[in-house]
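# Chains, contacts and geometry: an overview
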Amino acid sequence: MDPIKAANELYFRVGFSGHSGHLRLDPLSTVERSDPVKSLPDFILPPAFPKETPESIKSYIEETYLSPRLDSELFAPEKAGKQWDFDWFDKANVPLEPSLPRSVIIPTWELPFRRHKKGMSQEKWEPSSVQVDVSELTVDAQESGPLPRMSGTPKDYVRGSINNRPFRPGGLDDSQSLQRILPDGASNGEWVRELLNGGPAQAVPPGFKQGLDLGDLKAYPCAWNVYTDQSSAKSTSNEKQRELSVQFDDLFKKAWEEDVTVLEEDVFVGSVNMWTEKESVKSESGEPNVDMPHSTSNTELSALDEILSVETGESTAVKVGTGDGQHQKEAWAISEGTAWIAQHFCELVPDMALDFPFELDSFQKEAIYYLEKGESVFVAAHTSAGKTVVAEYAFALASKHCTRAVYTAPIKTISNQKYRDFCGKFDVGLLTGDVSLRPEASCLIMTTEILRSMLYRGADIIRDIEWVIFDEVHYVNDVERGVVWEEVIIMLPRHINIVLLSATVPNTVEFADWIGRTKQKQIRVTGTLKRPVPLEHCIFYAGELYKVCENESFMPQGLKAAKDVFKKKNMSGRTGSYGGGSAGPDGARTQKRESFSRGKQNKHSGFQNSGNFPGNSGGNQNNGNGYNNWGLRRSDASLWLSLINNLSKKSLLPVVIFCFSKNRCDKSADSMTAIDLTSSSEKSEIRVFCDKAFSRLKGSDRNLPQVVRVQNLLRRGIGVHHAGLLPIVKEVVEMLFCRGVIKVLFSTETFAMGVNAPARTVVFDTLRKFDGKEFRQLLPGEYTQMAGRAGRRGLDKIGTVIVMCRDEVLEERDLKHVIVGSATKLESQFRLTYIMILHLLRVEELKVEDMLKRSFAEFHAQKKLPEQQQLLMRKLAQPTKTIECIKGEPDIEEYFEMYSEAESYNNEILEAVMQSSGAQQFLNPGRVVVVKSQSASPLHMAQDHLLGVVVKVPSASYKQYIVLVLKPELPSTMQTPQAGGNTQDKKSGDFPQGYFIMPKEKRGLEDEYFSSGTSRKATGVVNIKLPYQGIAAGVGYEVRGVDIKELSCICNCKIKIEQARLLEDISTAAFSKTVQQLQGTKSDGNKYPGALDPVKDLKLKDMHLVETYYKWTNLLQKMSKNKCHGCIKLEEHIKLAREIMRHKEEVNALKFEMSDEALQQMPDFQGRIDVLKEIGCIDADLVVQIKGRVACEMNSGEELICTECLFENQLDDLEPEEAVAIMSAFVFQQKNTSEPCLTPKLSQAKQRLYDTAIRLGELQAGFKIQINPEEYARENLKFGLVEVVYEWAKGTPFAEICELTDVPEGMIVRTIVRLDETCREFKNAASIMGNSALYKKMETASNAIKRDIVFAASLYVTGV
C-alpha cells in the first residue's frame, strides 16, 4: 500500500498485525536526519509484510504492468452502462479507401490492319471495351470463386462444409473453360507503341461517352532496324534469341505492313483448353507448319516465329528433343539421369529432416533429394522394399516446415496400422469414417474417401497441407473405388506436392506423365525392381516341393519332375490302386478332367455357402452327403499336415496360406485339430495378450463363439484372417502374427493389401479366385502382391512361395504367366457419379468437362491435342477448290447431297427388309435382284448397280446366295467354262473384250437353245469356281456368291433358270438363255425392273420404314431430273465434290475431337444432367437446388435413392430403430443372405424404398443411361440385415442378433459402423432441409446403435 503523508512530514503505513487481522499504523522515516538512530521509536513491532526478494519483485512487476487488464476506474461496476465518448474508428486509423470492385471495364486492343473502320479511311478507330472480373486480373489466385473467401467456422476446419467452395484444382488455373481469357488491352501496352507511331490516342476512358481532345498527334521520330545472324539458323530457339539483335517493335511493324501474321484465335476452337494451347506453343521449335504468303523472306519469318514461339515465364516442363528441326515434346514424368544423386547424397542433402538408423537404398536417396527440392515423387517398388521411408521423410519435412502432410490409404486397416507405426515418431492424427483423433496434428492419416470429401467441401485445413502421400496407388485399378484416386489427384490444389507409393507396374511413367500433365508440374519417377529378399517359387505335390522359379527366371525342370510323379500316380490309379498312400488327395480314382471340373464347380458353391459352417469343405468336394464331405475334409487335413510338417523341418515357418474364400479359411483352420506349433512361453504370451485385448468387451461379448474359437486356434499357433471376423479379432490376429507367435495363418487376399506383416513363406491354396462375377485365374499383379509377403527383411536370406497342387499339376503356360508375367497396367476406372456432378456444379468456375478431360481415361486423347491443333491449322490454310460448271451455276453439291441422303435411306431400308422373313421367302432361284456394285470408284451410285438373278440359295455347304449378274463392261481376259469333258466352250475365252456373237450356222449342238423339256433336277453340286465370268448373247456376266447385305433391291419378277446346267454342266447355251431372259425383264426404258413393294409384297408393318422408302424413291427421281444427271463432266465434278466434302468433314471431325463433345463420357454426362433436372436437384440453368445440396451430403449410400427417401418423408412414420434398420439397406454389401423376418411396418417401408429405386432406375434408363432398373435396385439396396439392425437398435445382445442371419459377424459390425456415418449424413441433410424431427430421430438412432463390441476402439489406436 502506498504511504500516507501526514502533517509535519510524519509518514506512516497501515498494516495488519499478526494472525488476528487488526489494523495498525507503522510510522515511516522518509526524511533524512542528522542522526537517524535517535529518531527511532523505543518499540517497533515485527513487519506485517514479508521481505522483498527478486522473485517477488518480478512477480509484482508482471502482475502490475505486464499483465493485460481493464482499467479499474473506467470499467468499474458502478460505471456499467455509461456511454463512452470514444472514437474507435479514428483510433484504428482505418484507411478510407473504396472496397475492391467486383469488375472493371478495360479496352480491347486489335492489330491495325484487322480493325474495322466505319466510313472514311481517315476516321479514327475507337477501341471497344469489355467488362472483366477483378479476380481475372489477379495473379496466383487460389480460390475457385471470384473473390477470396473467408475462413469457415472452427468446427468445419477439418471436414469442410457443403457451403464452402472447393479450392481451385492445380492445372486448371489457365483453363480456357474458366472464362479467364483476358483481352489484349488488359495486359499489354501495344496502344503506347501505336501512339508513338502517330496513331490515334485512346482519349475516351472505358465506360465514358467522351473524353479529352488531344488534337492531332505526330509520330515520334525513331528508326527501326533488324539484325539477323544467318549462321545461327540451325541453333535452338533459346540460342537464336540470344544471338539475334532484334528490335521487337520493328518485327510487329513488319508483320502489320506485310499482313503475314496468323492469329491463333482465327483457327483455334473455342473449347480447347488453355493448357493444351500452352503445350502447342512450347512444343514448336522452328517455323509453324502453316502455309503463309511468301511476301517476306524466309529469314524474316523465321526470326519472327522464333521470337513469338518463346513463351515467357513458362518453363515447368522439360523439353525432350529428338534432333534439329523436329518437334520437342514435354516430359512431365522424369525417370532418367538420377544415378549421380545416390553417389553425392551427403553433399546434396547435408542436413536431413529425419535421420535413419540404416543405410538408405538408391531409390530412397533419390526420392528424399527430390522431396527436399519440393518436387512431387512417384516411387514404384516391390512389397517390403522400403517405400514407407519416403512417406516418413515427407512427414518430417512437414514438421520442419510447420506445414501439414496427409497420408491416404485405400483400406481403413492400413490407416489404423500406420497411425500406430507413426505415433512415436511424429505428431500424428487419424481421420476415418467413424474415428477422428487429433485432427489438429501436423501429420494426418486418413482414407482416400475422407480426403476427397475434404476437397469437395473446401476444408480450410487444405491451405496448410504441403504433402499428400498416396499409398498403394495400384489400387486405382479397383473397379468400385479406383475413381476416388483420380478425383483426388485432379482436385488437389497446385500448392500441394504429391508422393505416390505403388507396387511395380508396367506403365509407371505413363501414369506419372498423366499426373504431371494434369497438375502442370514435374513428377520424378524412381523405384527399384530389386527385391530386398529374393523369392523362390515352388509347387507342392504328393508331399514334396518342386522348385519352378528362382531369381525371376522360370525353371521348367522342377515342373517336369512334378508331372512325372503325377503320371506315375495316375498310372497306378488306373490299375486299381485306390489307396491314399501319398500325401496328396487319397481316393483320387477319377480322371483328371473330371476332378478339375468338379473342383471349379464346388469352389463356386463353397464361396456361396460361406456362411454355413457345417457345409461343403471348399475346393474338392461333392455336393452330396456328409460322408464324402467328411472324407475330403480328412484328406484336406492330411494335406495341410504334410505341408506344415515339411515346412517346419526346413525352418520355413511362419507361413501365410492364401485361400480365396472366407469359408475355405475357416474350414482349413478347423481341420487342423492335431497340430500344436507353440511353446509354453508363447502360449502364455498369447493368453496374456488376448486377455488384455478382449478385456474391453463386456462379459457376453467375450464369450462369442467366434472369439472363443479364434482364441483356441491362436493358442496352438494357428490364425485366421478374413473380412468375416470381428474387427477386434482381426487386429489381435495381426498383432500376434507380427510378434511371431502365430506360425500358420489362413487368410484371404485382403491380408496382403491391408497389413504390413511379412512371413517366411507364402502358400497359395489355388491360383483361381472368384472376383464377384466369375471364377478366373489370378492376375500376375495379384500374385506378386501376395507373394511379396514372403521374406522378412533382415531375418531371411530368401523367401519361399508355394503353390498347392492337388488333383493335377498346373500347366507350364498358366504357371509361367502368373509367376513371371508382367503386372497389370494401371488403367482408368473413372466414371461419373451424381455426387461428383453436383459438387462441381455448386461452383460456377469448375466444370464437369474439366474433370472429364483430366481423367486418366482421356489422357491419350488430350495428349494429342497439340498435334491436332497444328493439323487443323494446316488444313484451314489449304486453298479451297471450286467447281466450274459449263451449264452455269454448279448444282453438283445439291446432286451429291441428294445421293448421300438417298444412300443413307437405302441402307436403312435394306437392313430392315433383308432381315425380314418376307424377303427370305422371295429370295428363291429365278428371282431377279439388283446387286450393289463392287467397284471402288466413287462414281458408282444407285444407277450403277448390277442386274442379276438368284441361281442358288444358301445351303449347308455354301452359306451365300449364288447370283448371276450382268456386267456392263467386260474384263480384258475371261475365265473359260471348264468342267467334266466339256472342251467345246474353250474358244469363247479366246475372244477379246467386245460383243461378238458366233454365226448360227457355225454353232455346235450344245450352243443351241434348249427347250424347257430338257431341264433336269439339280443335285446341289457346284462345279464352277466362283467368281465365274463369261460372255453370252453378246453381254458379259459373272456368277458369284453374295451376302444378303449386298443386295440392293428385290425385283417383282422371276425368270426360269436351269440350275443344274448352269452350275453343274456349265452350259454356254444355258447361260445365254438366262442372260437373254434377264435383259428382257427391263421395261419402259428403265435399267432395272420394278421392285417389290415393301408393304404389299414384303409385308413391312413399320410405318417409319415405309416412309423412308418413299423418300428414297422420290430422291432418285429428283436426281434423274437434275441437270448434272448425264453430264459429261459428272465424274470429274463428283470427285471434286467428294474432296471438298471430305475436307470439310476432316476439319469438322478435328474440331469435334478437340471439343468437349468428343469426351468418352459426355453422353453419360448429358443423360445424368437430364436426370438431375427431372428430379429437381438442379434447375434449367444448372443451379444446384436444395435437393441437390442434400444429395451432396450422401456419401455412404446411393445419393439419388437416399435423397428421394428423405424428400418423400419415408422415415417420418418410423421409429428411430425402424428408420435405422431400413437405412442399413444403403450400406450393406453382401448379396446372398438369408431372408430376414420383418414386421409389417418394416415390410411396408422396405417395399416403398424398393419402389423408389425402381422408379429412379427407369428414369435413368429413359435418359439413355446404361442402367437396368432391377439390377440398379438390387445393387444399391440390400435388405439382408434389416432385422439384425432393428434388434440391435432395440438393445438385443450381439450374440443373439448373430443367430438371426448367416452373415458373418465381421460384416455385421462393418455395416453398423458405416450405418452410424449414414446417420450423421442424414442428420446434416435434415438440418439443410429444416426438418428438426428427422434431425432428432437420426441423433436418437445413432446413439441406439453406438454401443458394445460394434464400436469397440481399435487396438492400433488405443494400444493393448
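Tallying secondary structure elements over the chain gives 48 helices and 34 strands in all. Counting the 1360 residues in the chain, one finds 47% classified as buried. A sequence separation of at least 24 residues applies to 73% of the contacts in the chain between residues at least 6 apart. With an accessible surface of roughly 68700 Å², the chain has 52% of that area assigned to carbon and sulfur atoms.

Neither face of strand 23 (residues 718-721) is left uncovered, since the one carrying Ile718 and Val720 and the one carrying Gly719 and His721 both have all their residues buried. For strand 23 and strand 24 (residues 744-747), the ladder comprises four bridges, and the chain directions are parallel. By the bridge assignment, isoleucine 718 is partnered in strand 24 with valine 744. In this fold, strand 23 hands off to helix 24 (residues 727-739), which returns the chain to strand 24; that crossover is right-handed.

Taken together, the side chains of Ile57, Tyr60, Ile61, Tyr65 and Leu66 present a nonpolar region at the surface, about 570 Å² in accessible area. With respect to the helices and strands, the residue isoleucine 57 is situated in helix 1 (residues 54-66). Under the relative-accessibility criterion, isoleucine 57 is labelled partly exposed at 42%.

Note that methionine 1329 resides in helix 46 (residues 1305-1329). In this structure the C-alpha to C-alpha distance between methionine 1329 and phenylalanine 1207, which are 122 residues apart in sequence, comes to 8.8 Å. Apart from the residues lying within four places of it in its own chain, the contact partners of methionine 1329 are Ile1186, Val1190, Leu1206 and Phe1207.

This brings us to the sheet that holds strand 15 (residues 443-447). Across the sheet, which stays open at both edges, the nine strands sit in the order 10-18-11-17-16-12-15-13-14 with mixed pairing between neighbours. Here the strands that pair on one side only, and so sit at the sheet edges, are strand 10 (333-334) and strand 14 (436-437). Looking at chain direction, strand 10 and strand 18 (residues 523-528) are connected through two bridges and run parallel. In the sheet register, isoleucine 334 faces strand 18, and the bridge partner there is arginine 524.

Our focus in this paragraph is the packing of helix 14 (residues 448-456) against helix 15 (residues 482-491). Between helix 14 and helix 15, the least distance of the axes is 9 Å, while the angle of their chain directions is 40°. As judged from the angle between their axes, helix 14 and helix 15 are oblique. Crossing hand, helix 14 versus helix 15: left-handed. Contact residues: Thr448, Glu449, Leu451, Arg452, Leu455 and Tyr456 in helix 14; Val484, Trp485, Glu487, Val488 and Met491 in helix 15. Partitioned by chemical class, the residues of the contact of helix 14 with helix 15 number seven nonpolar, one polar and three charged.

What follows covers the confidence of the model for the chain. The share of residues in the chain with pLDDT of 70 or more is 69%, and the mean pLDDT across the chain is 76. The model gives residues 118-122 a pLDDT under 50, and that stretch makes one contact with residues more than four places away or in other chains. Note that pLDDT drops below 50 for residues 226-249; the model gives that stretch 30 contacts with residues more than four away or on any other chain.

Turning to the sheet that holds strand 30 (residues 946-952), a few remarks are in order. Read from one edge to the other, the open sheet built from six strands follows the order 32-33-31-30-29-34, with strand pairing classed as antiparallel. What marks the edges here is a single partner per strand, and that holds for strand 32 (1028-1032) and strand 34 (1047-1054). Across this sheet, the average inter-strand angle for adjacent strands is 30°, counted without regard to direction. Pairing between strand 29 (residues 927-931) and strand 30: four bridges, direction antiparallel. For valine 931, the partnering residue across the bridge sits in strand 30 and is leucine 946. Along the sheet face, helix 35 (residues 1068-1080) touches strand 29, strand 30, strand 31 (961-967), strand 32 and strand 33 (1035-1042) and points at about 70° away from the line of strand 31.

Attention shifts here to the side chain of histidine 474. As for its position among the elements, histidine 474 is in the loop between strand 16 (465-470) and helix 15. Side chain to side chain, histidine 474 and glutamate 472 meet in a polar contact 3.0 Å long. A distance of 3.1 Å separates a polar side-chain atom of histidine 474 from the backbone nitrogen of alanine 503.

Attention shifts here to unusual backbone geometry. Where the residue is not glycine, phi is negative for most of them; where a peptide bond is considered, it is trans in most cases. Leucine 653 connects to proline 654 through a cis peptide bond whose omega is 5°. Along the polypeptide, proline 654 turns up in the loop between helix 19 (626-649) and strand 22 (655-658). In this structure, alanine 542 is a non-glycine residue whose phi angle is positive, near 55°. Inspection of the secondary structure assignment puts alanine 542 in the loop between strand 19 (535-541) and strand 20 (544-550). Phi at leucine 1182 takes a positive value of approximately 65°, unusual for a residue other than glycine.

This paragraph deals with the pairing of strand 25 (residues 761-764). What you see with strand 25 is no split at all: Thr761 and Val763 on one side and Val762 and Phe764 on the other are buried throughout. As judged from the four bridges shared by strand 22 and strand 25, these two strands associate in the parallel manner. Residue pairing for strand 25: phenylalanine 658 is matched across the bridge by phenylalanine 764.

In terms of residue burial, helix 13 (residues 412-422) counts as a mostly covered element, since eight of its 11 residues are buried. Buried residues of helix 13: Thr413, Ile414, Ser415, Asn416, Gln417, Lys418, Tyr419 and Phe422, and no others.

The rules behind the values
Residues numbered from 1 in each chain as written. Predicted model: local features only at pLDDT ≥ 70, side-chain atom pairs only at ≥ 80, totals over all residues. Heavy atoms only, no water. Helix = DSSP H or I, 4+ residues; strand = E, 2+ residues; numbered from the N terminus. Buried < 20%, exposed > 50% of the residue type's maximum accessible area, 1.4 Å probe, protein only. Contact = heavy atoms within 4.5 Å. Areas by Shrake-Rupley, 256 points an atom, 1.4 Å probe, with all protein chains shown as cover. Pairing = 2+ DSSP bridges. Right-handed = clockwise from strand over helix to strand, strands pointing away. Patch = residues over 30% accessible without salt bridge, like charges linked within 9 Å, V, L, I, M, F, W, Y side chains within 5 Å. Salt bridge = Lys/Arg side-chain N within 4 Å of Asp/Glu carboxyl O. Axes fitted to C-alpha atoms, helices over the stretch in contact; angles between N-to-C directions. Parallel < 35°, antiparallel > 145°, perpendicular 65-115°, else oblique. Left-handed = near helix turned anticlockwise from the far one by under 90°. Nonpolar A, V, L, I, M, F, W, Y, C, P; charged D, E, K, R; others polar. pLDDT = per-residue confidence, 0-100. Polar contact = N/O pair within 3.5 Å; in protein donor to acceptor, adjacent residues only side chain to side chain.

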